[in-house]
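Single-letter residue listing:
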Amino acid sequence: MQQHPSWQSTIERALEVHLSSVTSRYLQLATVDRHGHPHCRTIVFRGFNEGKNQIYLHTDNRSEKMSHLTQKSQVEACWYFAQTREQFRFSGYMDCIAHQPDIENQHIDNMNEHSNFDAQKLRHAHWRNLSDALRESYADDYDAANPSEHFVLLRLHITQVDYLRLMPAPHLRVLYRQDAQSHWHAESIQP
């Protein structure tokens, strides 16, 4: 089997090439409703976790996608980079970090290392990085230090990446899969 660079290094390179393009931060997210019908929408990339196996996104808890995600957490995201003609299709499941009043009533900086507390710390950090205009889209009377109850941090846990490079010819397609031990394996596929 031919060796391929990791999908993480491949997307880092694509992001670097497209750094000046605002649209390179937009990806398509597909969810499924309770009737099994797919729904796709554009959403803004908000970063990777340290290992780059999770993508951070934001949403409002009043959005339609939240009702889909609470019923079925499996999703697919598609990200296309026009300049380099590369497409990444991410499959995995979504973790929704929403408002939890019982946790947030405690001072966020004094929280212990429990996973719910860590998740809320991460949610708070993302909130603090938003512009005032974006915070206002969640609530008119927002608090810059504390997330609106409508602000949800989405964390896409990536388990498979279908990578397609359309130039130069011939096209290259590689399927990256994560095994039960969290190791990634690459396989060239056609078409």
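Here the structure is a predicted model, which means the values were calculated and not measured. (Residues numbered from 1 in each chain as written. Predicted model: local features only at pLDDT ≥ 70, side-chain atom pairs only at ≥ 80, totals over all residues. Heavy atoms only, no water.)

With respect to the overall build of the chain
Phase 1 of the analysis: Check the secondary structure of the chain and you find five helices and eight strands.
Phase 2 of the analysis: Overall, the chain shows an N-to-C arrangement of helices and strands of α-β-β-β-α-β-β-α-α-α-β-β-β.
Phase 3 of the analysis: The C-alpha atoms of the chain give 18 Å as radius of gyration, which agrees with the globular expectation for 191 residues (16 Å, within 12%).
Phase 4 of the analysis: Considered along the principal axes of its C-alpha atoms, the chain spans approximately 55 × 35 × 35 Å.
Phase 5 of the analysis: Split into buried and exposed, the 191 residues of the chain put 40% on the buried side.
Phase 6 of the analysis: Summarising the internal contacts of the chain: among those between residues at least 6 apart in sequence, 55% fall at separations of at least 24.
Phase 7 of the analysis: Surface exposure of the chain reaches about 10,700 Å², of which carbon and sulfur atoms provide 49%. (Helix = DSSP H or I, 4+ residues; strand = E, 2+ residues; numbered from the N terminus. Rg over C-alpha atoms; globule rule 2.2 N^0.38 Å. Buried < 20%, exposed > 50% of the residue type's maximum accessible area, 1.4 Å probe, protein only. Contact = heavy atoms within 4.5 Å. Areas by Shrake-Rupley, 256 points an atom, 1.4 Å probe, with all protein chains shown as cover.)

What about the nonpolar core?
Phase 1 of the analysis: Counting 30 residues, the largest nonpolar core has Ile11, Trp79, Phe88 and Phe90 as the members making the most contacts within it.
Phase 2 of the analysis: Only helix 1 (7-17), strand 1 (26-32), strand 3 (54-60), helix 2 (64-71), strand 4 (74-81), strand 5 (86-97), strand 6 (151-165) and strand 7 (172-178) provide two or more residues apiece to this core.
Phase 3 of the analysis: If one sorts the elements of this core by residue count, strand 6 sits on top with six residues. (Core = buried A, V, L, I, M, F, W, Y, C linked by side-chain atoms within 4.5 Å.)

Regarding helix 1
Phase 1 of the analysis: Restricting attention to buried positions, one finds in helix 1 the residues Trp7, Gln8, Thr10, Ile11, Ala14 and Leu15. All buried residues of helix 1 lie within an arc of 160° about the axis, which places them on one face of the element.
Phase 2 of the analysis: For helix 1, the elements touching its buried residues are strand 4, strand 5, strand 6, strand 7 and strand 8 (184-188). (Arc of directions from axis to C-beta.)

Notes on unusual backbone geometry
Phase 1 of the analysis: A cis amide bond links Met167 with the next residue in sequence, Pro168, at an omega value of -5°.
Phase 2 of the analysis: Tracing the sequence through the fold places Pro168 in the loop between strand 6 and strand 7.
Phase 3 of the analysis: Cis geometry marks the peptide bond from Ala169 to Pro170, where omega comes out at 0°.
Phase 4 of the analysis: If you trace the backbone, Pro170 turns up in the loop between strand 6 and strand 7.

Comments concerning the pairing of strand 8
Phase 1 of the analysis: Sheet analysis places strand 7 next to strand 8, joined by five bridges and oriented antiparallel. Across the sheet, Arg177 pairs through a bridge with His185, a residue of strand 8.
Phase 2 of the analysis: Between strand 7 and the antiparallel strand that follows it, strand 8, lie five residues; Ser182 among them carries a positive phi value of about 65°. (Pairing = 2+ DSSP bridges.)

Remarks on the packing of aromatic side chains
Phase 1 of the analysis: A full pass over the atoms with the stated rule returns 14 aromatic pairs.
Phase 2 of the analysis: Judged by centre distance (5.2 Å) and plane angle (35°), the ring pair of Trp79 and Phe81 falls under tilted. Each member of the pair Trp79 and Phe81 is classed as buried.
Phase 3 of the analysis: The side chain of Arg135 reaches across the aromatic face of Trp127, ending 6.0 Å from its centre. (Phe/Tyr/Trp six-rings, centres within 6.5 Å; stacked < 30°, edge-to-face > 60°. Lys NZ or Arg CZ within 6 Å of the ring centre and 35° of its normal.)

Examining the pairing of strand 5
Phase 1 of the analysis: Judged from the eight bridges that link them, strand 4 and strand 5 form a sheet pairing that is antiparallel. Considered in strand 5, the bridge of Gln74 is made with Tyr93.
Phase 2 of the analysis: Here strand 4 folds back onto strand 5 in antiparallel fashion, the turn holding four residues, of which Arg85 has a positive phi close to 55°.
Phase 3 of the analysis: With twelve bridges joining them, strand 5 and strand 6 adopt antiparallel strand pairing. Across the sheet, Cys96 pairs through a bridge with Leu154, a residue of strand 6.

A look at the side chain of His4
Phase 1 of the analysis: Following the sequence through the fold, His4 ends up in the segment before helix 1.
Phase 2 of the analysis: Taking the relative accessible area as the measure of exposure, His4 reaches 15% and is therefore buried.
Phase 3 of the analysis: There is a polar contact of 2.6 Å between the side chain of His4 and the side chain of Ser188. (Polar contact = N/O pair within 3.5 Å; in protein donor to acceptor, adjacent residues only side chain to side chain.)

Distances and angles like these do not, on their own, reveal function.
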